[in-house]
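Fold and contact review
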Amino acid sequence: MAAARSGNLLMRSLPDSLVPYAQLMRLDKPIGTWLLALPCFWSIALAASPGHLPDLHMVALFGAGAVLLRGAGCTINDLWDRDLDARVERTRTRPLAAGTLTPRDAIVALAVQLSLGLVILLQLNDYSKVLGASSLLLVATYPLMKRITDWPQAYLGLTFNWGALMGYAAAAGACDWHVVLPLYGAGIAWTLVYDTIYAHQDKKDDKVVGVKSTALLWGERSKAWFVMFAGLCGLGLAGTGWASGAGPAYYAGAAAMIGHLAWQIRSVDLGNGPDCMAKFVSNKEAGALLLAGIVADRLMAGV
Ligand SMILES: CC(C)=CCC/C(C)=C/COP(=O)(O)OP(=O)(O)O
Ligand SMILES: O=C(O)c1ccc(O)cc1
Ligand SMILES: [Mg+2]
């Protein structure tokens, strides 16, 4: 337990009985929460009035919602995957795979997370409530995709970037589709890059247990596909900038994010698991660069 506890302050301060639940939610690995929250934050920030910061009340609600939904997503994922995870070195110590928690425990934990998530959802406008509730369909079915398609990363993209639609709706009352659809597309292209880098860690195990991924599909050609999807991400971001009448700070942030992706693509060693993990985790900085550009642009639009 000591090793599992050596994570962040939160993990170290929890009572023993809650540690497996925190591991089930992957609170010791917050990167997934950042990747889920950043598209929400971009979208909330884009909806800010000229001269204004993003609506911080919304940022707080979506931040808490991202922790809960990502925790719920990991719980559902690991319920589906518990037999696969037990056969793979990297995942065999997960609470469901190792038997520290029973599926029944996990379902209770899932119900608690979804109920708390509902408390947050109910504070949003009706438009966002419908969008938020529909995202659950994507979250619940995502784990099936690695069993039926070579492109589960694309489905994760649809799921993880839903916040690009929802944040704007929550902050502005409704979606401006010309602004949010290209942003959603850019996010999906981004996910295809970072989750394929993530999946390269597991390509040997995935082949053995029969799990599909773009890492296996693209193999040695992965970097060429990354270049294409980074390009599409850039096009989507340009579309959002154009549709929202953004200024130079926005485009600087977008260019910085694409530059970060270019650095990852050039430097990642796809045969080296720890390097894939490090590049995957660095995507919170890539997303934060765009967020900084959007916030600066909205602030400068007021002067
Ligand atoms: C909100 C959502 C959908 C959360 C789920 C995110 C998640 C666990 C992705 C990785 O699944 P995986 O089975 O490909 O990876 P791992 O090998 O880490 O289980
Ligand atoms: O939530 C996670 O741990 C996570 C998120 C996105 C990924 O691409 C992989 C894992
Ligand atoms: Mg899994």
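What comes next concerns the included structure. Just so it is clear, the structure is predicted and the values come from calculations on it, not from any experiment.

Within the sequence span of helix H17 (residues 273-281), burial applies to Asp275, Cys276, Lys279 and Phe280. The arc enclosing the buried residues of H17, seen along the axis, measures out at 140 degrees, which places them on a common side. Considering only its buried residues, H17 is in contact with helix H4 (31-46), helix H12 (177-200), helix H16 (248-267) and helix H18 (283-300). Where H17 begins, the capping side chain belongs to asparagine 272, and its oxygen is found 3.1 Å from the backbone nitrogen of aspartate 275.

Let us look at the packing of aromatic side chains. One pass over the structure, following the stated rule, counts 13 aromatic pairs. Note on tryptophan 190 and tyrosine 194: the rings are 4.9 Å apart at their centroids and 85 degrees apart in plane angle, and the pair reads as edge-to-face. Linking tryptophan 190 with tyrosine 194, this pair stays in helix H12, spanning four residues, or about one helical turn. The residues tryptophan 190 and tyrosine 194 share a single accessibility class, namely buried. Each ring, one from tryptophan 225 and one from phenylalanine 229, has its centre 6.2 Å from the other, and the planes form 20 degrees; the classification is stacked. Linking tryptophan 225 with phenylalanine 229, this pair stays in helix H15 (residues 222-243), spanning four residues, or about one helical turn. Judged by relative accessible area, tryptophan 225 falls into the partly exposed class, the value being 27%. Taking the relative accessible area as the measure of exposure, phenylalanine 229 reaches 9% and is therefore buried. An aromatic cluster of at least three residues, connected via ring pairs, comprises Trp42, Trp190, Tyr194, Tyr198 and Phe280.

This part is about the site of ligand 2. Around ligand 2 sit Arg26, Gly32, Arg70, Cys74, Leu156, Phe160, Tyr194, Asp195, Tyr198 and Phe280, and those are all the residues in its vicinity. One of the side-chain nitrogen or oxygen atoms of arginine 70 is found 2.7 Å away from an oxygen atom of ligand 2. With respect to ligand 2, the side chain of aspartate 195 contributes an N or O atom lying 2.4 Å from an oxygen atom. Alone, ligand 2 offers 280 Å² of accessible surface; in the complex the protein occludes 92% of this. Taking a 2 Å distance to the grid points as the criterion, the majority of the atoms of ligand 2 fall inside the largest pocket. Counting residues per element, the ones that place at least two in the shell around ligand 2 are helix H5 (56-80), helix H10 (152-160) and H12. Tallying contributions element by element places H12 first for the shell around ligand 2, with three residues. Of the residues in the shell around ligand 2, the class split is six nonpolar, one polar and three charged.

Let us now look at H15. Between its terminal C-alpha atoms H15 stretches 31 Å, which fits the 32 Å expected from 22 residues at 1.5 Å a residue. Along H15, the residues that are buried comprise Ser222, Phe226, Phe229, Ala230, Cys233, Gly236, Leu237, Thr240 and Gly241. In an axial view of H15, the angular spread of the buried residues amounts to 140 degrees, which keeps them on one side of the axis. Along H15, the residues that are exposed and aim more than 90 degrees away from the buried face are Ala224, Val227, Leu235 and Trp242. On its buried face, H15 sits against H4, H12, helix H14 (214-218), H16 and H18. Downstream of H15 by a residue or two, glycine 245 has a phi angle that is positive, lying close to 65 degrees.

Reading the values: the criteria
- Residues numbered from 1 in each chain as written.
- Chains lettered and ligands numbered in written order.
- Predicted model: local features only at pLDDT ≥ 70, side-chain atom pairs only at ≥ 80, totals over all residues.
- Heavy atoms only, no water.
- Buried < 20%, exposed > 50% of the residue type's maximum accessible area, 1.4 Å probe, protein only.
- Helix = DSSP H or I, 4+ residues; strand = E, 2+ residues; numbered from the N terminus.
- Arc of directions from axis to C-beta.
- Contact = heavy atoms within 4.5 Å.
- Polar contact = N/O pair within 3.5 Å; in protein donor to acceptor, adjacent residues only side chain to side chain.
- Phe/Tyr/Trp six-rings, centres within 6.5 Å; stacked < 30°, edge-to-face > 60°.
- Near = heavy atom within 4 Å.
- Areas by Shrake-Rupley, 256 points an atom, 1.4 Å probe, with all protein chains shown as cover.
- 1 Å grid on protein atoms, 1.4 Å probe; cavity = no way out; pocket = protein on both sides within 12 Å on 5 of 7 lines; lining within 4 Å.
- Sits in = over half its atoms within 2 Å of the grid points.
- Nonpolar A, V, L, I, M, F, W, Y, C, P; charged D, E, K, R; others polar.
- Expected span 1.5 Å × (residues − 1).

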